[in-house]
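# Topology and contacts: notes
Letter by letter, the chains look like this.
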Amino acid sequence: GNSVTQMEGPVTLSEEAFLTINCTYTATGYPSLFWYVQYPGEGLQLLLKATKADDKGSNKGFEATYRKETTSFHLEKGSVQVSDSAVYFCALIPTGGGNKLTFGTGTQLKVEL
Amino acid sequence: GAVVSQHPSRVICKSGTSVKIECRSLDFQATTMFWYRQFPKKSLMLMATSNEGSKATYEQGVEKDKFLINHASLTLSTLTVTSAHPEDSSFYICSGYRQETQYFGPGTRLLVL
């Protein structure tokens, strides 16, 4: 079956530090890959997505590249801010029909001054 | 675009009463919507897939008679928690599906006393 594995948190960084949150997946074919962000007490917001190999999704300074050879979709940001503190979910929708998301367990990011 | 709203954002009810939560796609038509439940510091658990004009598809272990889903139009799905009990207290999140992506609402926090 399909699955998504994320690094466990919490990840604690100082402001302006470089961020990497690892995400790997198991799925057949070429799933669509997503990063969602959840701020405290809120629903999920789509952060970025990629639908085919080597695509790079980017938004608000965050980037992730769809790597088919390593089945990965790691989230990166060059300089984090306190306002980036949230929970980040990696997810996939499988190829060829079906529209259900398979989520990772989420990674909490805390950014301190 | 692709904005989803939920109402109410918070609700407190007495044990034994029923509570209705609305999920609306504001700027797109969603033939498919999803309902999730999220426990504190956990990932999202898919409860059911709501299809416009047809019966919802429930995930294994979710009681369809307790969690009634109606998707009467292309922009509105409702989840009714019937005869709510304290163990139903949770954060309920819906999403609308559009162009191979799920867009999430802000969530509804339900507290059953």
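So, a few notes on the structure that sits alongside this text. Sequence order as written defines the numbering, with residues in each chain counted from 1. Written order decides the labels, with chains lettered from A and ligands numbered from 1. Given that the model is predicted, a residue must reach a pLDDT of at least 70 before its local features are reported, and side-chain atom pairs must reach 80 or more before they are shown or counted; all residues, however, enter totals for whole chains, interfaces and linings. Each side-chain value is worked out from all heavy atoms of the structure, with water and hydrogens disregarded.

Each helix is a run of DSSP H or I of at least 4 residues and each strand a run of E of at least 2, with the numbering of both proceeding from the N terminus. In terms of regular secondary structure, chain B is built from zero helices and 11 strands. Helices and strands in chain B line up, N terminus first, as β-β-β-β-β-β-β-β-β-β-β. Taken over C-alpha atoms, the radius of gyration is set against a globule rule of 2.2 Å times the number of residues to the power 0.38. Against the globule reference of 13 Å for 113 residues, chain B gives a C-alpha radius of gyration of 13 Å, in line with a compact fold. Taking the principal axes of its C-alpha atoms as reference, chain B extends roughly 40 × 25 × 20 Å. Counting the 113 residues in chain B, one finds 50% classified as buried. We call two residues in contact when some of their heavy atoms are within 4.5 Å. Nonlocal contacts in chain B, meaning residues at least 24 apart in sequence, comprise 53% of its contacts between residues at least 6 apart. Charge assignment: positive for Lys and Arg, negative for Asp and Glu; neither His nor the chain ends contribute. Where a charge lies is defined by one atom per residue type: Lys uses NZ, Arg uses CZ, Asp uses CG and Glu uses CD. Distance between charge centres in chain B, computed from 12 positive and 9 negative side chains, equals 7 Å. Type-normalised accessible area, obtained with a 1.4 Å probe on protein chains alone, sets the label of each residue: buried when under 20%, exposed when over 50%, and partly exposed for intermediate values.

Bringing the overall build of chain A into the picture now. The helix and strand inventory of chain A stands at zero helices and 12 strands. Mapped from its N terminus to its C terminus, chain A presents α and β elements in the order β-β-β-β-β-β-β-β-β-β-β-β. Taking 113 residues into account, the globule formula puts the C-alpha radius of gyration at 13 Å, and chain A, at 14 Å, falls close to it. Its C-alpha atoms give chain A principal-axis dimensions of about 45 × 30 × 20 Å. The buried share among the 113 residues of chain A stands at 43%. Here the contacts in chain A between residues at least 6 apart in sequence split such that 56% fall between residues at least 24 apart. Residue burial considers only the protein chains on display, and all accessible areas are found by Shrake-Rupley using a 1.4 Å probe. Looking at chain A as shown, the accessible area adds up to about 5300 Å², and 48% of this sits on carbon and sulfur atoms. Charge centroids of chain A, computed over 9 positive and 11 negative side chains, lie 9 Å from each other.

To continue, consider the interface of chain B and chain A. If you look at the interface, chain B gives 22 residues, while chain A gives 18 residues. Counting the surface lost from both chain B and chain A, the interface buries some 1400 Å², and carbon and sulfur atoms represent 55% of this. Note on definitions: buried area is the accessible-area loss of two parts on being combined, 1.4 Å probe, summed for both. Three residues stand out in chain B for area buried against chain A, namely Ser43(B), Gln102(B) and Phe104(B), and they jointly supply 28% of the buried area on that side. When a carboxyl oxygen of Asp or Glu lies within 4 Å of a side-chain nitrogen of Lys or Arg, that pair is called a salt bridge. Taken together, the links from chain B to chain A amount to one salt bridge. With a closest N to O distance of 2.7 Å, Glu59(B) and Lys100(A) form a salt bridge. Looking at the side of chain B that touches chain A, the elements that each hand over two or more residues are strand 4 (32–38), strand 5 (44–51), strand 9 (90–98) and strand 10 (101–104) of chain B.

Take the side chain of Gln38(B) next. Relative to the helices and strands, Gln38(B) is located in strand 4. Polar side-chain contacts of Gln38(B) include one of 2.8 Å to the backbone oxygen of Lys42(B). Setting aside its immediate chain neighbours within four residues, Gln38(B) contacts Gln38(A), Phe89(A), Ser43(B), Leu44(B), Ser90(B), Phe91(B) and Ile93(B). N or O atoms within 3.5 Å of each other form a polar contact, as long as, within protein, one can give a hydrogen and the other can take it, and as long as residues adjacent in sequence are counted only when both atoms are side-chain atoms.

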